[in-house]
Every structure is written in C-alpha cells, then in structure tokens.
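Geometric and topological summary
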Amino acid sequence: MNIVIYFFGKNTSEICKKYKERYIDNIYILDAVDSNLADSLMNDDVFLLNIGNNTTNQIPSKIIDYISTGNPIISDSKNVKDPCIKMLENYKMCYLFEEYTENIDKNKFVSFLKNT
C-alpha cells in the first residue's frame, strides 16, 4: 500500500521535517496552497486529518471543507471543549482522537481505517 501524506499551511514540527527527510516520496510539506489545488487533493480517495486547535471559541472553516468532501476524517482534539467535537460527532465518517484522554482504543481506530 502506497501512503502519501500532505501537510498544508504553517508547519513548524521538527518531527514532520525529520520524517519528510526519511520518506521523501511519501510526505509533502507545503506552505499555503491555492484553493483549487487543495480541493483537488482533498477530493481524491483520501483520509483527511484535522489537528485540533488549542482555542475553544471557534470552529476552523477547514472542518466544513473536510465534511463537504464526504471523505473520512481523523480528528485530533487537544481540549475537551474543542467546538469541532460537537460538529464531528454527527459526521459518521469521522474518528475522533481525544489527545487529552488515556482511553484510546487502538482496535477501534484500526477498524475505522479498514471500514472506511
């Protein structure tokens, strides 16, 4: 299976950069891209990853974009008050990964990946 990961926008993660060097043909770190390219990539047969914000007073517009593709979403939530949780709970193609809890069911996540 060939897995390719695209990161869009500001990415200062040293871990991402390290793995980009190791998997040069599989990880792409791009600055902001125009909406046509973003739409093209998001509307392929892909999983979308939402890395949650630390703020709790707004829902990023990318969540609406992600849902509108109909593709499966893996969403990382950093805060129990993340407003995205409420919206994504109703989206059946979403796996909510709650970073703030220790109750992570790896089998449930693997099952989500296989079934979607």
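Given the structure is predicted, the values throughout are model-derived calculations rather than measurements. (Residues numbered from 1 in each chain as written. Predicted model: local features only at pLDDT ≥ 70, side-chain atom pairs only at ≥ 80, totals over all residues. Heavy atoms only, no water.)

We now examine the sheet that holds strand S5 (residues 94-98). Across the sheet, three strands lie side by side as S3-S4-S5; this open sheet has parallel pairing. A single partner strand is all that each edge strand has here, and the edge strands are strand S3 (48-51) and S5. When the angles between neighbouring strand axes are averaged without regard to direction, this sheet yields 15°. Here five bridges tie strand S4 (residues 73-77) to S5, and the two strands are oriented parallel to one another. Residue pairing in the sheet places serine 77 in a bridge with glutamate 98 of S5. (Pairing = 2+ DSSP bridges. Helix = DSSP H or I, 4+ residues; strand = E, 2+ residues; numbered from the N terminus. Axes fitted to C-alpha atoms, helices over the stretch in contact; angles between N-to-C directions.)

Here the focus is helix H3 (residues 61-69). The α-helix advances 3.6 residues per turn, and as a result positions three or four apart in sequence lie on the same side. Taken together, the buried positions of H3 are occupied by Ile63, Tyr66 and Thr69. The buried residues of H3 occupy one face: seen down the axis, they fall within an arc of 120°. Summarising the geometry of H3, the exposed residues directed more than 90 degrees from the buried face are Ser61 and Ser68. Against the buried residues of H3 lie helix H2 (35-42), S3, S4 and helix H4 (83-89). Among the residues trailing H3, glycine 70 stands out with phi positive, at a value near 80°. (Buried < 20%, exposed > 50% of the residue type's maximum accessible area, 1.4 Å probe, protein only. Arc of directions from axis to C-beta. Contact = heavy atoms within 4.5 Å.)

Let us now look at the pattern of salt bridges. Counted under the stated rule, the structure contains three salt bridges. Ionic pairing is found between glutamate 14 and lysine 17, a salt bridge with its closest N-O pair at 3.8 Å. Of this pair, glutamate 14 and lysine 17 both sit in helix H1 (residues 14-22), three residues apart, which is roughly one turn of that helix. Its relative accessible area of 56% is what places glutamate 14 among the exposed residues. Note that glutamate 99 and lysine 78 form a salt bridge whose closest N and O atoms lie 3.2 Å from each other. Of the two residues, glutamate 99 sits in the loop between S5 and helix H5 (106-115) while lysine 78 sits in the loop between S4 and H4, which places them 21 residues apart along the sequence. Three or more residues joined by partner-sharing salt bridges are found here, namely Asp76, Lys78 and Glu99. (Salt bridge = Lys/Arg side-chain N within 4 Å of Asp/Glu carboxyl O.)

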